[in-house]
Structure formats: C-alpha cells, structure tokens
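# Fold and contact review
In case you want the letters, here they are:
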Amino acid sequence: MRPRRGTDRIRGRRDRGVDLPSVGPTRTCVGCRKRAPAASLLRFVAVGSGGDLRLSPDPNRRLPGRGAHLHPEPACFEQAERRRAFGRALRLTGVADAGLLAEHIRTVSVPCGTTDDVASSPRHDPAR
C-alpha cells in the first residue's frame, strides 16, 4: 500500500518553520505562560509534606516529583505569585513557601559585573 500524500508529520512541522529535533522539548512558563525550550527555563518542585511545603529549584532536573517550569527572571516569578500559579501547576492542596525559589531566581538573574556590595561601588567626589 502506498502512503498518502501529506501524512508525514515531520515534514509538515518543518514546513511551518519549527525544527523539533534541534529545539528539544518545549515547556510553558507558569509566570508569563509563554512556551520556551526546556533548557532556557528553571524547573522547580514542591518538597515536604502537609503544611511544610517548600518550592525548591531544580536546575539539574533530577529531583523526584511533579515539576513545573519558570523563566529565571523576577518578573515571571512575580506574575506566577500574583496569579497563584505555583499550586495549580504542581497540583498542591496547600500553600507552599516560595522563599527558596525566590532567592535562587534573585541570585541567578543578577547581571554579570554587578554587585549589591556598597564597598565595591566607585565613589565619585563632585568637588574634584
């Protein structure tokens, strides 16, 4: 039996401008709801049980359990918090503490060459 024309799904996707083998898996950010390659998103999981749930970052993608993905940017984190998306994405019944995840995003998103240390900032003397 001869294969029908137009049933090759790989060729159909390449025609639309998406080369899936080179892109890899795609995930949705729980903050901004935009789809992006999984390599550019930060995976996080809920750790603990009952009333002691914490959101833990999983940059190596090895922690067990249901994970969700987020752009490692403070804006996406704030959007996800405002929309209460963490609990829905991880299917949690309680409220999880997002402090550890917020700290990780804050340290990762600091641009290279900048620091919060006051002593390292150059001092400008307007009298000179």
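Residues numbered from 1 in each chain as written. Predicted model: local features only at pLDDT ≥ 70, side-chain atom pairs only at ≥ 80, totals over all residues. Heavy atoms only, no water.

## Notes on the overall build of the protein
Scanning the protein from N- to C-terminus turns up five helices and five strands. Starting at the N terminus and ending at the C terminus, the protein contains elements arranged as α-α-β-β-β-β-β-α-α-α. Per-residue burial over the protein gives 23% buried out of 128 residues. Within the protein, contacts between residues at least 6 apart in sequence are counted, and of these 53% link residues at least 24 apart. For the protein, the accessible area works out to roughly 9900 Å², and carbon and sulfur atoms hold 51% of it. (Helix = DSSP H or I, 4+ residues; strand = E, 2+ residues; numbered from the N terminus. Buried < 20%, exposed > 50% of the residue type's maximum accessible area, 1.4 Å probe, protein only. Contact = heavy atoms within 4.5 Å. Areas by Shrake-Rupley, 256 points an atom, 1.4 Å probe, with all protein chains shown as cover.)

## A short note on helix α3 (residues 74-83)
Because each turn of an α-helix spans 3.6 residues, side chains separated by three or four positions end up pointing in the same direction. Among all positions in α3, only Cys 76, Phe 77 and Ala 80 are buried. Looking straight down α3, one finds that the buried residues subtend no more than 100° of arc, so they occupy a single side. (Arc of directions from axis to C-beta.)

## Overview of the confidence of the model for the protein
Overall, the predicted model of the protein reaches an average pLDDT of 81, with 70% of residues at or above 70. In the predicted structure, residues 11-15 sits below a pLDDT of 50 and forms four contacts with residues beyond four places in sequence or in another chain. (pLDDT = per-residue confidence, 0-100.)

## Structural notes on the packing of aromatic side chains
A full pass over the atoms with the stated rule returns two aromatic pairs. When the centroid spacing of 5.4 Å and the interplanar angle of 85° are considered together, the rings of Phe 44 and Phe 86 count as edge-to-face. With Phe 44 in strand β3 (residues 42-47) and Phe 86 in helix α4 (residues 85-90), this residue pair connects regions lying 42 residues apart in the sequence. With relative accessibility at 0%, the residue Phe 44 sits in the buried group. Ring centres 5.6 Å apart and planes at 40° place the aromatic pair Phe 77 and Phe 86 in the tilted group. (Phe/Tyr/Trp six-rings, centres within 6.5 Å; stacked < 30°, edge-to-face > 60°.)

## Observations regarding the state of the cysteines
Per the counting criterion, the structure on display carries zero disulfides. Free cysteine Cys 32: the closest other cysteine sulfur is in Cys 29, separated by 3.7 Å. Free of any disulfide, Cys 76 has its nearest neighbouring cysteine sulfur in Cys 32, separated by 3.8 Å. Under the relative-accessibility criterion, Cys 76 is labelled buried at 5%. (Disulfide = S-S within 2.5 Å.)

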